[in-house]
There are 4 protein chains.
Amino acid sequence: MLVVMKNDASEAQVQAVIQEIEGMGFRGVPMPGSLRTAVCILGNQGPVDDSRLLVMEGVKETIPVTKPYKLVSRETQPESMAIVVGDVKIGQGRPVMMAGPCAVESEEQALTIARLVKKGGAEVFRGGAFKPRTSPYSFQGLGEEGLKILAKVRQETGLLIVTEATDHTNLELVEKYADIIQIGARNMHNYSLLRHAGHASKPVLLKRSFAATIEELLMSAEYITSEGNNQVILCERGIRTFSDNTRNTLDLSAIPAIKEASHLPIIVDPSHAAGRRDYVIPLSKGAIAVGADGLLVEVHHDPTHALSDGMQSLYPEQFTELMKEINNLIR
Amino acid sequence: MLVVMKNDASEAQVQAVIQEIEGMGFRGVPMPGSLRTAVCILGNQGPVDDSRLLVMEGVKETIPVTKPYKLVSRETQPESMAIVVGDVKIGQGRPVMMAGPCAVESEEQALTIARLVKKGGAEVFRGGAFKPRTSPYSFQGLGEEGLKILAKVRQETGLLIVTEATDHTNLELVEKYADIIQIGARNMHNYSLLRHAGHASKPVLLKRSFAATIEELLMSAEYITSEGNNQVILCERGIRTFSDNTRNTLDLSAIPAIKEASHLPIIVDPSHAAGRRDYVIPLSKGAIAVGADGLLVEVHHDPTHALSDGMQSLYPEQFTELMKEINNLIR
Amino acid sequence: MLVVMKNDASEAQVQAVIQEIEGMGFRGVPMPGSLRTAVCILGNQGPVDDSRLLVMEGVKETIPVTKPYKLVSRETQPESMAIVVGDVKIGQGRPVMMAGPCAVESEEQALTIARLVKKGGAEVFRGGAFKPRTSPYSFQGLGEEGLKILAKVRQETGLLIVTEATDHTNLELVEKYADIIQIGARNMHNYSLLRHAGHASKPVLLKRSFAATIEELLMSAEYITSEGNNQVILCERGIRTFSDNTRNTLDLSAIPAIKEASHLPIIVDPSHAAGRRDYVIPLSKGAIAVGADGLLVEVHHDPTHALSDGMQSLYPEQFTELMKEINNLIR
Amino acid sequence: MLVVMKNDASEAQVQAVIQEIEGMGFRGVPMPGSLRTAVCILGNQGPVDDSRLLVMEGVKETIPVTKPYKLVSRETQPESMAIVVGDVKIGQGRPVMMAGPCAVESEEQALTIARLVKKGGAEVFRGGAFKPRTSPYSFQGLGEEGLKILAKVRQETGLLIVTEATDHTNLELVEKYADIIQIGARNMHNYSLLRHAGHASKPVLLKRSFAATIEELLMSAEYITSEGNNQVILCERGIRTFSDNTRNTLDLSAIPAIKEASHLPIIVDPSHAAGRRDYVIPLSKGAIAVGADGLLVEVHHDPTHALSDGMQSLYPEQFTELMKEINNLIR
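Just so you know, these numbers come straight off a predicted model, no measurement behind them.

K.L.:
Explanation requested: the pairing of strand E10 (residues 180–183) of chain B in the structure shown.
P.N.:
Look at any regular strand and the pattern is simple: side chains alternate between the two faces of the sheet. All names here are of chain B. Residues Ile180 and Gln182 point to one face of E10 and Ile181 and Ile183 to the other, with burial holding for every one of them. With 3 bridges joining them, strand E9 (residues 160–164) and E10 adopt parallel strand pairing. Across the sheet, Val162 pairs through a bridge with Ile180, a residue of E10. One crossover worth recording links E9 to the parallel E10 by way of helix H5 (residues 168–177), and it is right-handed. Sheet analysis places E10 next to strand E11 (residues 204–207), joined by 3 bridges and oriented parallel.

As structure tokens, then:
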């Protein structure tokens, strides 16, 4: 249930409402909006008796929240949300480009690619230091060494850093070095990790599992926000289907679906969906046209030698072409 | 195998090659291009001995065709193909808008909607007279009566007509009344119907089955072209997946995949994929941005009373908005 | 709606009810059971006013039919149905084994295999004369010549014959030569063909499309029964999923689902689902254990030279082993 | 690569081979079999030069391992493996029944159900103390309190205990209290958790993710075994597909596929696949007939009040019926 405050309700009135909710045995989470504040009630099983709340000063009305996700629902926060990291605003403006290699391989590799994508127009650098690999025998990333390289990339280029955390331990490290903490598709159902990310002081980029419905993705985002961290960026990266022309089937209808259901920003990763670089530019254009708030794209200065699935990394000149096409689209 | 003729090869030399191929027990199908003609060899099981062909006058070289589809493959015809119907060119130019109701319900309904979509910028009117319905007890369309109404729509508005044929018998009727013969997703594997469509004198709009791979779609197109009708327009309309935010999952990666594999034009039907009208505009924009040659959209002047799934038909004002958005995108 | 007659209602009373229903503008289809007859009302859109029916002589009660399928629903016919063809009873007894090659290749091939599977315990011989092939260039079957071979197989071995029809024209031929008319997975949505099969005088074996829900399969069966032919045997043969260890994923939960929803018998085709012979025996055992009324299995005396996907045909000795395992299971 | 030792090779010779492999910079893992020991080489990228190994005493031959999974592959250990826990042998014998509620709710509930399933013939009690729930607001399990109840169940009934761990922290607790550590479908891609489970001293029951291929499941098992714990039981529990007659589609072809690829035992969870109790008995019978080494079934003494999806729990009398049916099948 949502307790909507009057436009001129005071902070003290909001606090009083939260206290009253806690007295009822529930949690009250304030949802500030541009015009008015609302307080979302969490923890109730079944309907809440709102009679005591409705008579409180500053309270305008109560609204039931019909979805199983509460804090990430547009029902509780009707205005689309932008997440601001440094000088970069994700959501509610120009699409944000996040680009870089699958994995950080070396300082030279990372810096080379970072300079190329920076020049091309990227604002965020991506690159994995902790790689969740299907095989225990594959390269698992450089670990903290990789994070230090990413920190250097930021220092040298001014690009923000997004990189993946795969467990509690490396989540703390990622939080320390990166600007945005990525939770990968394989960990979208790792609720323990999501809870930990809910206590982090940095925004979280949460990728949709290749087997998740939109509702499940939003429930996973709710795990993060219900722990206190409401800075969540969602990411569509393809789902598993019978179709074999791409590695996964990019579900661009997820963009309007999420925009309808939630105020959170949503970006698209066409590289992992397609699994082949020649589809990345058209799918990127499609993603932006559908309304995505940004892109997460794999770029490598030497794709054939990339320590990962080099088939999908863009060549630098393709990245330049991509940026040109996107700028053309949104001009 | 493809026998590529020299740029200055004469028609007689092409015919001689075809005759030679027939003498070998195969079929030879000429594939004229802007620069040179090639002859595609069909009917061979296994490799062809090309020694006799390579020494013929006018022959430049032979090229193996690696795909199971031959005539619709870009290997045999590298240049993208446009299909011209009346004043409308599908492929190789501005995207073509095909719009109209799910089913033709009455002359008044059809004309009302046709005038609205014509005004909005549509060039082709869609509307079913023979409806393949999951239930034998659902409205199955007006039949030939519906086709006559469609003919009247063309006469009154100048719009071209596309409508579906579901068996041999009504295929003949559709061919007689319509400008483009639609083969629906449920009949994409109906090889007998495809063969009949291969003998029709009108272009065929072939929809991808919701369970077909790209290769299977192209094989179905090959059924049509191998019978003589090379005027095939493909259509992506969503595939069946576990994802439940839309009726089917629109697979926009099919567009670059088909553009790579075939010279045939490809359009997108966002209405049947989404199953709900509020996603049609974003998905349409995505389809055009990805590179589709046109759209097939459901529009009804009174969606809530449509004799079909009225949830997915656009209101006329939404269609106007859609056209504005598309024009904005391709300006 | 179902009009349930009293146990002692006379045939004249049933006819009077049907006449009354027709007078209301609907169709009335009698559903005889072991204890009592019911009349199913078809053709109504929305609820039927049953007041006139309830006061008629011999009428016990009316029951709403909640499913979109009517005649094939267990709601209208609670007793499981057996389909008797010659000496073979499909449903309500021992599982029936249908076995043979993918395609009829020659009289010698068909007779050789038929004798082997007859000896092994098969009661029905399968073999295609009209093959729905993905490629127009693949072997499409021997046509009527193949049907004549099948007729000879019956004459020589006493086995019943099941073979596929793919369009109106060959349906008539199949009806003439075969004992059971197969409609393949690719034609499950070919409503025109289903209607024609509904007028046939032979039972129909209807395979589930690899992309159909159970409800859609039953709706396709309803197309057949609503035209008058209530002798329909259903067949599960695998669905399309992301899983790649078999060609299709055999959905054995379809068996209890169909048993719950319908009185029709249901058999399983493990060969096309698995796409490889070494899984056919375990999947066959699973199918029978789950409750299937029979199996449709590919067997070839020389699988590596089969004119079809020879990977999936059992060797004769494997078929013998299969029968032994099944007999062990149901002893 | 696998270094196969002679039948009469001494332990010292095996150790010498392992040392030689380590000298080459790789790991050597001994794989003892009933007739001979082999040493699996791990950690190589690309082919290994085996010339030095082939000349060592006691070495019979080297065999390349073609699969990406090594230690769990039947290539490295051709004999099917049984996992013995207490008096219970999983694999290579009678199917093992694991039964109990979704979640441990109270001591009384757990003991009541445990006594019922023990009487019915179960050998292992299942029940979650740490529940991975889609919603952060759902009951998340009793935690360590639940584990203590499970320990009491073992003490009172003699049943073994299997229960789920969802992160590093509770994995240690589960290892302490339970007999078998369950890793759930949602954590099959949680490689960090898998590695930790690889250091546990108890067998691991690893469930297939609803979106995993067989190869990915085996790769996840390899994560566990490559850390030293080779006691892994696999579990098929349904995959996500378009089909809607069950919650997930139980993929029984996974059983022969895994039996072919790996020596590990594989059991089936029909309850979570079906999502409804009335399909559990037929699917259980199917699973055993296909060759599963056991079943994991949800049973509750009062399903309608179960703290979980009560739709899928068997009533106690259904469990008795199930056991009767299974015993009938394997008699």
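K.L.:
Would you mind showing me how to read the packing of aromatic side chains here?
P.N.:
Here the distance between the centres and the angle between the planes together describe a pair of aromatic rings. All names here are of chain A. Considering all chains together, one arrives at 4 aromatic pairs over all chains under this definition. Centre to centre, the rings of Tyr191 and Tyr223 are 4.5 Å apart; their planes meet at 15°, and the pair counts as stacked. In this pair, Tyr191 is assigned in helix H6 (residues 191–197) and Tyr223 in helix H7 (residues 214–225), connecting sequence segments 32 residues apart. Judged by its relative accessible area of 7%, Tyr191 is buried. Here the guanidinium or amino end of Arg276 rests over the ring plane of Tyr279, the centre of that ring lying 4.3 Å away.

K.L.:
Please clarify how the interface of chain C and chain B should be interpreted in this entry.
P.N.:
Interfaces are often sized by the accessible area lost when the parts come together. At the junction of the two partners, chain C supplies 32 residues and chain B supplies 32 residues. At the boundary of chain C with chain B, total buried surface from both sides reaches about 2700 Å², with 52% on carbon and sulfur atoms. When the buried area of chain C at its contact with chain B is split by residue, C:Thr134, C:Pro136 and C:Tyr137 rank highest and sum to 24% of it. Between chain C and chain B we count 2 salt bridges in total. At the surface where chain C touches chain B, the tally comes to 18 residue pairs in polar contact (both at pLDDT 80 or more). Taken together, the elements giving at least two residues each to the side of chain C that touches chain B come down to helix H6 (191–197) and helix H7 (214–225) of chain C. A breakdown of the residues in the side of chain C that touches chain B according to their chemical character gives 12 nonpolar, 12 polar and 8 charged.

K.L.:
Quick question: what am I supposed to make of the domain arrangement of chain A here?
P.N.:
Its domain assignment divides chain A into domain 1 (2–63) and domain 2 (83–330). Placing the centre of domain 1 of chain A and that of domain 2 of chain A at their C-alpha centroids yields a distance of 36 Å.

K.L.:
Explanation requested: helix H1 (residues 11–23) of chain D in the structure shown.
P.N.:
Within an α-helix, residues lying three or four positions from one another point in the same direction, as the helix has 3.6 residues per turn. Residue and element names in this part refer to chain D. Compared with an ideal rise of 1.5 Å per residue, which puts 13 residues at 18 Å, H1 spans 18 Å between its outermost C-alpha atoms and is within 8% of the ideal. Among the residues of H1, those classed as buried are Val14, Val17, Ile18 and Ile21. Mapping the buried residues of H1 onto a view down its axis gives an arc of 100°, with all of them on the same face. Looking at H1, the residues exposed on the side facing more than 90 degrees away from the buried face are Ala12, Gln19 and Gly23. Residues of H1 that are buried in the fold lie against strand E1 (2–5), strand E2 (27–32), strand E3 (37–42), helix H2 (51–54) and strand E4 (59–63). Trailing H1 by a residue or two, Gly25 shows a phi angle of about 95°, which is positive.

Definitions and cut-offs
- Residues numbered from 1 in each chain as written.
- Chains lettered and ligands numbered in written order.
- Predicted model: local features only at pLDDT ≥ 70, side-chain atom pairs only at ≥ 80, totals over all residues.
- Heavy atoms only, no water.
- Buried < 20%, exposed > 50% of the residue type's maximum accessible area, 1.4 Å probe, protein only.
- Helix = DSSP H or I, 4+ residues; strand = E, 2+ residues; numbered from the N terminus.
- Pairing = 2+ DSSP bridges.
- Right-handed = clockwise from strand over helix to strand, strands pointing away.
- Phe/Tyr/Trp six-rings, centres within 6.5 Å; stacked < 30°, edge-to-face > 60°.
- Lys NZ or Arg CZ within 6 Å of the ring centre and 35° of its normal.
- Contact = heavy atoms within 4.5 Å.
- Buried area = accessible area lost by both parts, 1.4 Å probe.
- Salt bridge = Lys/Arg side-chain N within 4 Å of Asp/Glu carboxyl O.
- Polar contact = N/O pair within 3.5 Å; in protein donor to acceptor, adjacent residues only side chain to side chain.
- Nonpolar A, V, L, I, M, F, W, Y, C, P; charged D, E, K, R; others polar.
- Domains from an automatic or database assignment.
- Expected span 1.5 Å × (residues − 1).
- Arc of directions from axis to C-beta.

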